[in-house]
Structures are given as C-alpha cells and as structure tokens.
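In case you want the letters, here they are:
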Amino acid sequence: MCGIAGQFYFSKFKDNNFSIEKILEKMNFRGPDSKGIYENTNSNFGINRLAINDKSELASQPLFNKSKDVIIIFNGEIYNHKQLKEKYFPNKKYLTKCDSEILSDLFDKFSINFINLIKGMFAIAIIDKKNNKRYLIRDRFGIKPLHYFADYRGICFSSEIAPLFEIDRINKDLNEDELVIFLQHGLINSNNESWFKNINQLPPGHFLEIDNSSFSIKKYYDFEKNINSASEINSNKNFYQLSDKYLQLLDSSFDQHLDTESEIGIHISGGIDSAVMSSMINKKKFKLKSFTFDYDNSLYEKYSETKESEVLSNLMNSDHYLTTLNDNDLEKELNSTMETEYEPFSSLRIVAQHLLYKKNKNESKVILDGSGGDELGAGYPYYLIPYFLDMVETQNIDKVNFKVKSIIKNLYNPNNSSNFVLSSLGQFSFPGVSTIDGTGYKKNDFFLFENINYVRKRGLFFDKFSSNLLNAQCNDLFHYKLPRSLRYCDRSSSRYSMETRVPFLDHDLVEHLLSVPSEYKFGKTIQRFLFKYPHKRVMGKEIFYRNKKTLADPQTYWIKNTLRDMVYDICLSSDLIKTYINKNKLSEYIDQFINSKDNKNSYLIGQIFILGIWEKNILNQ
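Novice: Break down the overall build of the protein chain for me, citing the residues and quoting the values.
Specialist: The helix and strand tally for the protein chain stands at 25 helices and 17 strands. By the burial criterion, 62% of the 621 residues in the protein chain qualify as buried. Across the protein chain, contacts joining residues at least 24 apart in sequence account for 72% of those joining residues at least 6 apart. Looking at the protein chain as shown, the accessible area adds up to about 24900 Å², and 45% of this sits on carbon and sulfur atoms.

Now the structure itself:
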C-alpha cells in the first residue's frame, strides 16, 4: 500500500504553484516508510512508500531502467513477479526482493504491453522519455485507486482525492450525478466519476496515455472475450473437473498472496468467504492473526458473528482478536469514518470495519479480505431470480417449477417468499428497489429530481452475455457491490498504513468461476455450491449448507435510538438535502420510521443521513 501522485503537462504548460511535496504530505499515512520524487520539464510525480517486502533503501522508488529514460512509481503488488523474472530475465541478478523492481525491465522489453503479463493489484505511473509518452495504469478490477483531473494544462493524479484540492485550479464542487444515482439506485463507486465534479477515476483494466498535446484512455483487459473463451472451454467439463481447476487456481492465488516479509492478518466473519479463506489457511498450515468486530449491546446479539468467527479461528489455529464498537463511541467513530472515506458510503456497518483496522494497526501490516466471494460464487440471495430466468430459457418448465419451490422453501419463509421474489426481481431489473437480501424498501416521492432512469441511460447495466445470472454477477463485480467494497478496503486500511489483499480477485480465478455453467453455482438448495464444494470436509456440514446471512448490522436500532437526535439534526438542517428532498415529506418520513414498532428497512434513511454527514464534514470544509 503506497500513495502516488503527480502532474503530466502538455507542452508549453506548467503549474508553477504545484508542489508535489505538499500533495504527498497530505497522504503520508499511505506510505510512511519513505518518500521519492522525480521532476523534469513536463512531468513531476512522487510516492509515499509503505514497505511490505524489502525495507532497504534499494527498494525505494521512483524506479529507473538501465538507461534512465524510463521512470516508474507504483502502488500495489505484482504477485507473479518471481515467475516473470525466471521466464524473461533468468540471468539477471536483482538487487532487492521487491516485486516492483521488475517493472522497468518489463517496460523496456514489452513497452506498454507489459501490463498484460503482470498479475496483481496496482496503480502505476510511467514517464517514457525516449518516446515522449506518459502513462497511468490501473489493475483489472480496480483494487487500487487512481483519481485524476484533466484540463488544458494536462493531467493531475493521486491515490487519494483530498490531496488534489491542494492544487489551486481544482475546486471542491459537488458532482450532482453521483448524488442522483446514490439516492435513486444506492450506487457508490459504480462508474468512473467521483462525488466531486471533474475528478474522475481511471477505469479498471485501462491505461491513460498522454503526449505533448492530448491524452487518451485505452482498454487493455478484454474481460468479455476472456469469459466467452473460458465458458466455451468449461461447457465441455463436468462438475468435478471444474471444481479441481477452481481449487488449483485458488491454491495458486493464496500462495502468492501469502508471500510477504510482513506479518499477515485476516479479517473474518461468520460468512462463507471467511470460511473458504480459513480452509485455505488451514490447508497451508500458515500461522497468522485473525480479526473480527462485534457490538457492545445485548440487543445486537443476532448481528454478532463472534461465535462463528471463533470456529474459523480455531480451524486456522490463529491468534484471534475481537474489536467491539461501543454505542457511546458511535457518533465519534462515524465522523472519523467519513473523514477517511471522504465520500458517502452505503451503511453504518462501515464504521465497524474502519474501527477494526484502527484498533489492530500494530498487529499486522498486511490483511487478507474476502471481497469478491459473493460476486464470483453467486452468493447474493437475489441471484435466484436471474438463475430462475436462465432455467426458464434453457430447461423443462416442470423441472424449473420444482427447483424454484424447493429453493425458496429452504432459504426463505414461504409466507414472505412472494415479497422476496418481487423485490429481488425488481432489484435485478432495476437497482434501487431492494437490498441484496430481496427486502424491498419504499422509494418515496419526496425527491426533487426526475432522473429515475439515470443508470440505464448511462449504460451501467451489464448485458453482454446470454446468461442472466452471469450478467447479474458482472453488474455487481463492476458496478454495484464490489467497487464500493474495494474502496472501503483501500481507504480504511491505508489510513492506518496497512495493505489489504484480496485473494479471490486473481483474474484467472475470476474468469474461471464466472464462466462455469450456472447449475454448478447452485446446488439443490445451496448457493455458491462449486465455490464451497472443495472445502466441504474442512469447513464442516453446518457451514457448508449455510447460505448468506442478511442481518448485517444494527443500523435500524442505531437510527431509532443511539443516533436519533443526530439523525434529526443532520437530515433536517442540511442545505444539500433540502435542495434535493422535500423537507416536510422527509420530516414525516423520519417520524414514521423512528416511531414505528416494525423493524423497517433503514437503507434509504441511512443514505440520507450519511449524505448529510458528508456535506457537513467534507463538502463544506
């Protein structure tokens, strides 16, 4: 985990007021171990380095090739660097154990095409003096952030958004488009924009190329082509062959993600992602520390995952640490989380995630996280809808009817199944009408804008495959669920000078899991069947037959009780909220929600509350 930043100018332009030192100082927490800067007539950039492997000065950045005409700064990990060294540079003796040292050699040999060879998470900036080109590169799934601002002078970029506002010509203006899709569709980090006008993200799997007078953004990772090719191959294989291949790829990914000189920890809950990761740690006999968060109120027992996490900790033989979020500290930690995230987030649960990093920052420098498991294994409850639709299109209707009844009966209360089906169908067809568990929440008519079809007009829906289930998984992978999870992981860990690694997002593993036939993603009553199957013996029947737990946090209780006064104050005093929501109707809605004896879905009111906190703590500062 590092922080990179800089400016690439067009010819004849330069910002004489730009200070790379000032930018780096603003995000020193991302890399407190060393700082490196390079400047010439049309470029200046720098890095705050967090030393994960090889802490010697020889591993410092920027990196130079032999002729000193290629200069590179890099944030992330290249997990296959050892294999690349053996394959392409077997006779070279490298000075360090650091993965970044190979990048200049790869660029010399393959130019920009080297990015197709590397496997990992990365944000890379390159100055190619001999060809008068500059590049920004982001990894295939956007694990590492890279924000940029473009104008007539050139490109300004940074791992964090806040440092960009140290540049005189960049203003902290609201991007209304993000507000619309946040309130109407619950989307966060779903596209290449940010919550600030004119500050964008480089798309995952793309690179930006800049010359003397212009820049262009180009795609290097052909995800759709790779999935189609893998699907064609996998269609001729049986379940056990596909399961063996999955385990082989997962095993390789964990080998690479566990390869570090720094102490490794793992965040675990009671879920399937944690169980699969624990199974792999158990298999490799790897000793690490495990971390789980909990809540201090006995009323929150149904949200606690301490018992399940202790089972997984025992499975791994890990030193286990429990971090408790106290109600008395909730408001303080909520404000602290907003300052770190710097943009609105989806749930108050994120506060507990941030606290987990904060309290255990001295225990492990590297953390394993299970992000991506739900998307790749098809674990969200509403995936049943596109799965059923696929069956209708490809199978006998009587067989489909039997499967539908058996799955719904097993997973959900039959009395509520119709609500689940309708809400999930709506969520699949048009996001923003229910949460991931198929629980609908009322979309009130108090919004003062009419862009209800905004997402579909922008083309955010992924519909490039014939399988409805695969399209739903890809929507979550690139737009709905995973991008925001990766943002939370990066910002919460980097704030405390830690690095989060996500072993499920090895791109070969992703392509394999997404391309297996849909019937292997579901058992008779089990979601993520193939994803869990190789670990059945280790995790045990109780975990194996468990589906996703949807009661995630006590947000509803907090809003009605612990944070009640703060909710009224923030929501009804916010100028930003008044601009986009009818104040009288909002006041009525809050009253009804807080005074209701029913355990109502708190997602919408939580969004509005978080929006108001963001305005107060970030936008107006």
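Novice: I'd like a rundown of the sheet that holds strand β1 (residues 3-9), residues and numbers included.
Specialist: Spatially, β2-β3-β1-β9-β8-β10 is the arrangement adopted by the six strands of the open sheet, whose pairing is antiparallel. Every interior strand has two partners, whereas the edge strands, β2 (34-39) and β10 (199-201), have only one. With strand direction ignored, the average angle separating the axes of adjacent strands in the sheet is 15°. Relative to β10, strand β8 (residues 147-151) runs antiparallel, the two sharing three bridges. Residue Tyr-148 lies in a different strand from β10, and its bridge partner there is Asn-200.

Novice: Summarise the pattern of salt bridges; cite the residues concerned and give the values.
Specialist: Taken as a whole and assessed by the stated rule, the structure comprises 35 salt bridges. For Lys-358, the salt bridge identified is with Glu-333, shortest N-O distance 3.4 Å. Of the two residues, Lys-358 sits in helix α10 (residues 349-359) while Glu-333 sits in helix α9 (residues 330-341), which places them 25 residues apart along the sequence. Of the residues examined, Lys-358 reaches a relative accessible area of 28% and is grouped as partly exposed. Its salt-bridge partner being Glu-341, residue Arg-487 comes within 3.0 Å of it at the nearest N-O pair. Taken together, the residues span a long stretch of sequence, with Arg-487 in helix α17 (residues 482-495) and Glu-341 in helix α9 at a distance of 146 residues. Of the residues examined, Arg-487 reaches a relative accessible area of 5% and is grouped as buried.

Novice: Describe the sheet that holds strand β17 (residues 499-501), with residues and values.
Specialist: If you trace the five strands from one edge of the open sheet to the other, you get β15-β14-β13-β16-β17, paired in parallel fashion. A single partner strand is all that each edge strand has here, and the edge strands are β15 (319-325) and β17. Sheet twist, expressed as the mean angle between neighbouring strand axes with direction ignored, is 30°. Where strand β13 (residues 264-267) and strand β16 (residues 366-368) come together, three bridges link them in parallel fashion.

Novice: Break down the packing of aromatic side chains for me, with residues and values.
Specialist: Taken as a whole and assessed by the stated rule, the structure comprises 43 aromatic pairs. Look at Phe-239 and Tyr-240: their rings are 5.5 Å apart centre to centre, the planes differ by 90°, and that puts the pair in the edge-to-face class. Residue Phe-239 is classed as buried on the basis of its relative accessible area of 10%. On the numbers, 6.5 Å between centres and 55° between planes, the contact of Tyr-300 with Tyr-303 is tilted. Side by side, Tyr-300 and Tyr-303 carry an identical accessibility label, which is buried. One aromatic cluster in this structure is built from Phe-165, Phe-182, Trp-195, Phe-196, Tyr-342 and Trp-614. Above the face of the Tyr-380 ring, Lys-481 is positioned so that its terminal group lies 5.5 Å from the ring centre. Sitting over the ring of Phe-593, Lys-560 keeps its end group 5.4 Å from the ring centre.

Novice: So, the packing of helix α16 (residues 468-480) against α17: which residues are in play, and what are the values?
Specialist: For the pair α16 and α17, the least separation of the axes is 5 Å and the interaxial angle reads 40°. Between α16 and α17, the crossing angle belongs to the class labelled oblique. Seen from α16, the contacting residues are Asp-476, Leu-477, Phe-478, His-479 and Tyr-480; seen from α17, they are Leu-482, Pro-483 and Arg-484. Of the residues that constitute the contact of α16 with α17, the class distribution is five nonpolar, one polar and two charged.

Novice: Which residues make up the side chain of Glu-511, and what values do they have?
Specialist: Residue position: Glu-511 is located in helix α18 (residues 507-515). For the buried Glu-511, which has no salt bridge, the nearest side chain bearing the opposite charge is Arg-140, at an N-O separation of 6.0 Å. Polar contacts involving the side chain of Glu-511 include one to the side chain of Tyr-221, which spans 2.6 Å. Among all residues touching Glu-511, those that are not within four sequence positions of it are Tyr-221, Asn-226, Ile-227 and Ala-230.

Novice: If you had to explain unusual backbone geometry to someone new, which residues and values would you point to?
Specialist: In the segment running from Gln-61 into Pro-62, the intervening peptide bond is cis, with an omega of 10°. Within the secondary structure layout, Pro-62 lies in the loop between β3 (43-49) and β4 (63-64). Here Lys-285, not a glycine, exhibits a phi torsion of approximately 55°, which is positive. Relative to the assigned elements, Lys-285 resides in the loop between α7 (272-284) and β14 (289-295). The phi dihedral of Tyr-342 falls on the positive side, at around 70°, and the residue is not glycine.

Novice: Explain the packing of α7 against helix α20 (residues 536-544) to me, using residue names and the numbers behind them.
Specialist: Relative orientation of the contacting elements α7 and α20 amounts to 160°, with a least axis distance of 9 Å. In terms of their interaxial angle, α7 and α20 are classed as roughly antiparallel. Crossing handedness for the pair α7 and α20: right-handed. Side by side, α7 and α20 meet where Ile-272, Ala-275, Val-276, Ser-279 and Asn-282 of the first sit next to Val-538, Met-539 and Ile-543 of the second. In terms of residue class, the contact of α7 with α20 is built from six nonpolar, two polar and no charged.

Novice: Tell me about the environment of Leu-330, and please be specific about residues and values.
Specialist: Following the sequence through the fold, Leu-330 ends up in helix α9. The buried category is assigned to Leu-330, whose relative accessible area is 1%. Each C-alpha atom, one on Leu-330 and one on Val-351, is 8.0 Å from the other, the two residues being 21 residues apart in sequence.

Novice: Lay out the pairing of β15 with the relevant residues and their values.
Specialist: Across seven bridges, the pairing between β14 and β15 is parallel. Each residue of the ladder has a partner; that of Tyr-295, found in β15, is Leu-325. Regarding topology, helix α8 (residues 306-316) serves as the crossover connection from β14 to the parallel β15, and that connection is right-handed.

Novice: Residue-level account of the pairing of strand β11 (residues 206-210), with values.
Specialist: Taken residue by residue, a regular strand's side chains alternate between the two faces of the sheet. Extensive coverage of β11 is indicated by the burial of five of its five residues. By the bridge criterion, four bridges tie strand β7 (residues 133-138) to β11 in an arrangement that is antiparallel. Residue pairing for β11: Tyr-135 is matched across the bridge by Glu-209. Sheet topology note: the β11/strand β12 (residues 215-219) ladder contains five bridges and is antiparallel. Considered in β12, the bridge of His-206 is made with Lys-219. With antiparallel pairing between neighbouring strands as the criterion, β11 and β12 make up a hairpin whose turn holds four residues.

Procedures and definitions
Every residue gets a number counted from 1 within its own chain, in the order that chain's sequence is written. Side-chain atom pairs in this predicted model are given and counted only at pLDDT of 80 or more, local residue features only at pLDDT of at least 70, and totals for whole chains, interfaces and linings cover all residues. Values shown for side chains rest on all heavy atoms present in the structure; no hydrogens or waters enter the calculation. A helix here means a DSSP run of H or I that spans at least four residues, while a strand means a run of E at least two residues long, and both kinds are numbered starting from the N terminus. Classification of residues uses two cut-offs on accessible area relative to the type maximum, computed with a 1.4 Å probe and protein chains only: under 20% is buried, over 50% is exposed, and between them is partly exposed. For this analysis, residues touch if any pair of their heavy atoms sits within 4.5 Å. Here the Shrake-Rupley method, with its probe set to 1.4 Å, supplies the accessible areas, and only the displayed protein chains count as covering residues. In this scheme, strands are said to pair when DSSP sees at least two bridges between them. In this analysis an axis means a line fitted to C-alpha atoms, helices contributing only their contacting stretch, and an angle means the value between N-to-C directions, from 0 to 180 degrees. Salt bridges are identified by distance alone: a Lys or Arg side-chain nitrogen within 4 Å of an Asp or Glu carboxyl oxygen. When two rings of Phe, Tyr or Trp (its six-membered ring) have centres within 6.5 Å they constitute a pair, described as stacked for plane angles under 30 degrees, edge-to-face for angles over 60, and tilted for the intermediate range. Geometrically, a lysine NZ or arginine CZ counts as sitting over a ring once it is within 6 Å of the ring centre and also within 35 degrees of the ring normal. Roughly parallel means an angle under 35 degrees; roughly antiparallel, over 145; roughly perpendicular, 65 to 115; everything else is oblique. Asp, Glu, Lys and Arg are counted as charged, while Ala, Val, Leu, Ile, Met, Phe, Trp, Tyr, Cys and Pro are counted as nonpolar; the rest, among them Gly, fall into the polar class. Note on charges: Lys and Arg go in the positive column, Asp and Glu in the negative column, and His and the chain ends are not counted at all. Residues adjacent in sequence count toward polar contacts only when both atoms are side-chain atoms; beyond that, a polar contact is any pair of N or O atoms within 3.5 Å, and within protein one must be able to donate a hydrogen and the other to accept it. Helix crossings fall into two classes, left-handed where the near helix is turned counterclockwise from the far one by less than a right angle and right-handed where it is turned clockwise. By definition, the crossover connecting two strands over a helix is right-handed if that path, from the first strand to the second, turns clockwise as seen with the strands pointing away from the viewer.

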